[in-house]
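Structural characterization, general
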Amino acid sequence: MSSGEPLPPGPPGRTPAALDDLDRAILRELVADGRLSMRALAERVNVSRSNAYTRVERLISDDVITGFTARVNPVRAGLGTAAYVLVNIEQNSWRKVSAQLREVPGIEHLAFVGGDVDLIMLVRTPDNASLRDIVLSRIHTVDGVRSTRTWLIFDETTPGENGQAATA
């Protein structure tokens, strides 16, 4: 998955890359299978191998593609308990809170949001006891955290091909 660190802002004054249909087709194919060879990618999007390679290199240099990774089945990897933890923090403490929470094991995703809560985190652990320990012993002890609410996840799906849901 991701490293848990927020993406750095792009270079000042630089606008995001304009993507055309071919770029979007390349991205779709690489999201579906990041291990595709350039030859196979080129065949799937109907361009030459050199064109596919040039496009992928540009997408990487423009920070459209930020890396390649494996999708992991969390249950098979021993992380059978998942929860969204909603956090309220003290005003103006978000930098300090963010830095400390990035060090907490089990936090897979962390997002500051607008609304009734300040922060939403996806936490994965082996079991409920580990989840309790992370929430009560690690998250609640972070300076600036005022309160949390934990929403246990019973089942997850991820979008599959053609917009159909596929079990994660």
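The structure reproduced in this document is the subject of the present report.

So, how was this worked out
Residues numbered from 1 in each chain as written. Predicted model: local features only at pLDDT ≥ 70, side-chain atom pairs only at ≥ 80, totals over all residues. Heavy atoms only, no water. Axes fitted to C-alpha atoms, helices over the stretch in contact; angles between N-to-C directions. Helix = DSSP H or I, 4+ residues; strand = E, 2+ residues; numbered from the N terminus. Parallel < 35°, antiparallel > 145°, perpendicular 65-115°, else oblique. Contact = heavy atoms within 4.5 Å. Nonpolar A, V, L, I, M, F, W, Y, C, P; charged D, E, K, R; others polar. Core = buried A, V, L, I, M, F, W, Y, C linked by side-chain atoms within 4.5 Å. Buried < 20%, exposed > 50% of the residue type's maximum accessible area, 1.4 Å probe, protein only. Salt bridge = Lys/Arg side-chain N within 4 Å of Asp/Glu carboxyl O. Expected span 1.5 Å × (residues − 1). Arc of directions from axis to C-beta. Polar contact = N/O pair within 3.5 Å; in protein donor to acceptor, adjacent residues only side chain to side chain.

Structural notes on the packing of helix H1 (residues 21–32) against helix H3 (residues 49–61)
- Interhelical geometry of H1 versus H3 gives an angle of 85° and a closest axis separation of 11 Å. Classified by the angle their axes make, H1 and H3 are roughly perpendicular. Listed contacts from H3 to Leu22, Asp23, Ile26, Leu27 and Leu30 of H1 are Asn51, Arg55, Val56, Arg58 and Leu59.
- Its residues assigned to classes, the contact of H1 with H3 shows 6 nonpolar, 1 polar and 3 charged.

Looking at the side chain of Arg124
- Here Arg124 shows up in strand E3 (residues 119–125).
- Those residues in contact with Arg124, other than ones at most four positions away along the chain, are Pro74, Leu79, Thr81, Ala82, Gly106, Glu108 and Glu156.

Side note on the nonpolar core
- Grouped together as the largest cluster of nonpolar side chains are 17 residues, with contacts concentrated most on Val87, Leu101, Met121 and Ile139.
- Only strand E1 (81–89), helix H4 (94–101), E3 and helix H5 (128–139) provide two or more residues apiece to this core.
- For Ile139, the contacting residues outside a window of four places in its chain are Val85, Val87, Leu101, Ile107, Met121, Ile134, Val145 and Thr148.
- One finds Leu22, Ala25, Val47 and Ile65 within the second-largest nonpolar core, a separate group that totals 13 residues.

Digging into the pattern of salt bridges
- Summed over all chains, the structure comprises 10 salt bridges.
- Among the charged side chains, a salt-bridge network with shared partners connects Asp20, Asp23, Arg55, Arg58 and Asp62.

Examining H1
- Over its 12 residues, H1 runs 17 Å from end to end, which matches the ideal 16 Å to within 8%, given 1.5 Å per residue.
- Restricting attention to buried positions, one finds in H1 the residues Leu22, Asp23, Ala25, Ile26 and Leu30. Viewed end-on, H1 has its buried residues packed into an arc of 160°, placing them on one side of the element. What points out from H1, more than 90 degrees from its buried face, is the exposed set Asp21, Arg28 and Val31.
- In this structure, the buried residues of H1 make contact with helix H2 (38–45) and H3.
- The opening residue of H1 is Asp20, an N-cap whose side-chain oxygen sits 3.1 Å from the backbone nitrogen of Leu22.

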